[in-house]
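# Coordinate inspection notes
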Amino acid sequence: MDLSNLQKVLGVTGLGLGLVVGVGLGKRFFSQSHGRSFKSHGGAKDDPLTKYVLQNSLREHPVLQKLKQRTLEDQNYLMMVACEEAQLLANLATLIKAKKVIEIGVYTGYNTLNMALTLPADGVVVACDINMDFANIGKPFWSEAGVEHKIDLRIKPASETLDELLQAGEAETYDFAFIDADKVNYCLYYEKCLQLIRKGGIIAIDNVLWGGRVLSPGNDAETLSIDELNKKIARDSRVNVSMLAIGDGVTLAFKL
Ligand SMILES: C[S@@+](CC[C@H](N)C(=O)[O-])C[C@H]1O[C@@H](n2cnc3c(N)ncnc32)[C@H](O)[C@@H]1O
Ligand SMILES: *[C@@H]1O[C@H](CO)[C@@H](O)[C@H](O)[C@H]1NC(C)=O
């Protein structure tokens, strides 16, 4: 990947990019590969208990499985959501009878497809990303699964798409949002999602443990941003909250 592409994903990749291109790019990136991740295709890949969890709970749609295999061939594969985490999100969306979902950071669309599969026929996933090449990897699988019509892909900065939804009068009409794009904008995405989500809806925020780096953010902009949002949600009376050590850490904010 060229450097501009690299910079685009840098903000969002953390462990993944660090691992994959770290050797070529030197210490700063490589150092980001260290730390603790519970991701079943990342840091916890060879952990026997992780395998046990997958063997005894993962019910992956065959096309999701194919999309995962294809994504694992991409150099940025560590950006992909953990499949067991995505399954939890789908179960939660079903539980609250979600119809309208926002995905902030699509990559190849593992979770986008996962959500589209669980939504009713008239459901929609507004899928926000800035990188069409990533989405093009996933698209054939979205149509193979027969749910492409439920996926409204918007290639532009997610903050612009969220503003457009608000301007279109869609405040408090969404049921579920998954925040998983550039980390420096996490607080902004959270605030906009809180406006777009209905009472009883759920905002899930990925990478809240950031490979363990939240314990000592130093002056790293991404880590500081994640830590800032974690602390903000902890005392946010607008939501109930659970922070789970699954994948790279996910926070569930339940809008009151
Ligand atoms: C961690 S990946 C998303 C993984 C995805 N949720 C999944 O299910 O596998 C982050 C994505 O955010 C995208 N991204 C980065 N900056 C963005 C921005 N400002 N607006 C929208 N998407 C952005 C990147 O192109 C990348 O595809
Ligand atoms: C939020 O938590 C309170 C106290 O535990 C509970 O009574 C309430 O039902 C919860 N609301 C939601 C939407 O989860």
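Right, let's walk through the structure included here.

Quick notes on the rules
- Residues numbered from 1 in each chain as written.
- Chains lettered and ligands numbered in written order.
- Predicted model: local features only at pLDDT ≥ 70, side-chain atom pairs only at ≥ 80, totals over all residues.
- Heavy atoms only, no water.
- Helix = DSSP H or I, 4+ residues; strand = E, 2+ residues; numbered from the N terminus.
- Contact = heavy atoms within 4.5 Å.
- Areas by Shrake-Rupley, 256 points an atom, 1.4 Å probe, with all protein chains shown as cover.
- Core = buried A, V, L, I, M, F, W, Y, C linked by side-chain atoms within 4.5 Å.
- Buried < 20%, exposed > 50% of the residue type's maximum accessible area, 1.4 Å probe, protein only.
- Pairing = 2+ DSSP bridges.
- Axes fitted to C-alpha atoms, helices over the stretch in contact; angles between N-to-C directions.
- Parallel < 35°, antiparallel > 145°, perpendicular 65-115°, else oblique.
- Left-handed = near helix turned anticlockwise from the far one by under 90°.
- Nonpolar A, V, L, I, M, F, W, Y, C, P; charged D, E, K, R; others polar.
- Near = heavy atom within 4 Å.
- Polar contact = N/O pair within 3.5 Å; in protein donor to acceptor, adjacent residues only side chain to side chain.
- Right-handed = clockwise from strand over helix to strand, strands pointing away.

Glancing now at the overall build of the protein chain. Helices and strands together make up the secondary structure of the protein chain, namely eleven helices and seven strands. Long-range pairs, those at least 24 residues apart, make up 69% of the contacts in the protein chain between residues at least 6 apart in sequence. Carbon and sulfur atoms form 55% of the exposed surface of the protein chain, whose accessible area is close to 11300 Å².

Our next topic: the nonpolar core. Counting 37 residues, the largest nonpolar core has Tyr-110, Leu-113 and Phe-176 as its most contacted members. Looking at this core, the elements with two or more residues in it are helix H5 (62-72), helix H6 (83-95), helix H7 (110-118), strand E2 (124-129), helix H8 (132-144), strand E4 (174-179), strand E5 (197-206) and strand E7 (250-255). Counting residues per element, this core draws most heavily on H6, at five residues. Apart from the residues within four sequence positions on either side, Phe-176 is in contact with Leu-89, Leu-92, Ala-93, Ile-96, Lys-100, Val-101, Ile-102, Met-115, Ile-197, Ile-202 and Ala-204. Ranked by size, the runner-up nonpolar core spans 31 residues in total, among them Ile-102, Ile-104, Cys-128 and Leu-165.

This part covers the sheet that holds strand E3 (residues 151-155). Pairing within the open sheet is mixed, and its seven strands lie in the order E3-E2-E1-E4-E5-E7-E6. Every interior strand has two partners, whereas the edge strands, E3 and strand E6 (239-244), have only one. Between one strand axis and the next, the sheet turns through 15° on average, direction left out of account. Here H6 sits on the sheet in contact with E4, E5, E6 and E7, set at roughly 165° to E4.

Our focus in this paragraph is the packing of H6 against H7. Viewed as axis vectors pointing N to C, H6 and H7 meet at an angle of 30°, and their least axial separation amounts to 9 Å. Regarding the angle of H6 to H7, the classification is roughly parallel. As for how H6 packs across H7, the hand of that crossing is right-handed. In contact with Cys-83, Ala-86, Gln-87, Leu-89, Ala-90, Ala-93 and Thr-94 of H6, H7 contributes Tyr-110, Asn-111, Asn-114, Met-115 and Thr-118. When the residues that make up the contact of H6 with H7 are grouped by side-chain class, the tally is seven nonpolar, five polar and no charged.

To continue, consider the site of ligand 1. Close contacts around ligand 1 come from 22 residues, with Glu-103, Gly-105, Asp-129, Ala-158 and Asp-180 the closest. Here Glu-103 contributes a side-chain N or O atom positioned 3.0 Å from a nitrogen atom of ligand 1. The protein chains hide 96% of the 610 Å² of surface that ligand 1 would expose on its own.

On to the pairing of strand E1 (residues 100-104), then. By the criterion of burial, E1 is predominantly enclosed, with four of the five residues buried. For E1 and E2, the ladder comprises five bridges, and the chain directions are parallel. Note on E2: the bridge partner recorded for Lys-100 is Val-124. Remark: the E1/H7/E2 crossover connection has right-handed handedness. With four bridges joining them, E1 and E4 adopt parallel strand pairing. Bridge assignment links Ile-104 to a residue of E4, and that residue is Ile-179.

The next subject is the pairing of E4. With respect to burial, E4 is a largely interior element, six of its six residues being buried. The parallel pair E4 and E5, bridged by helix H10 (residues 186-196), forms a crossover whose chirality is right-handed.

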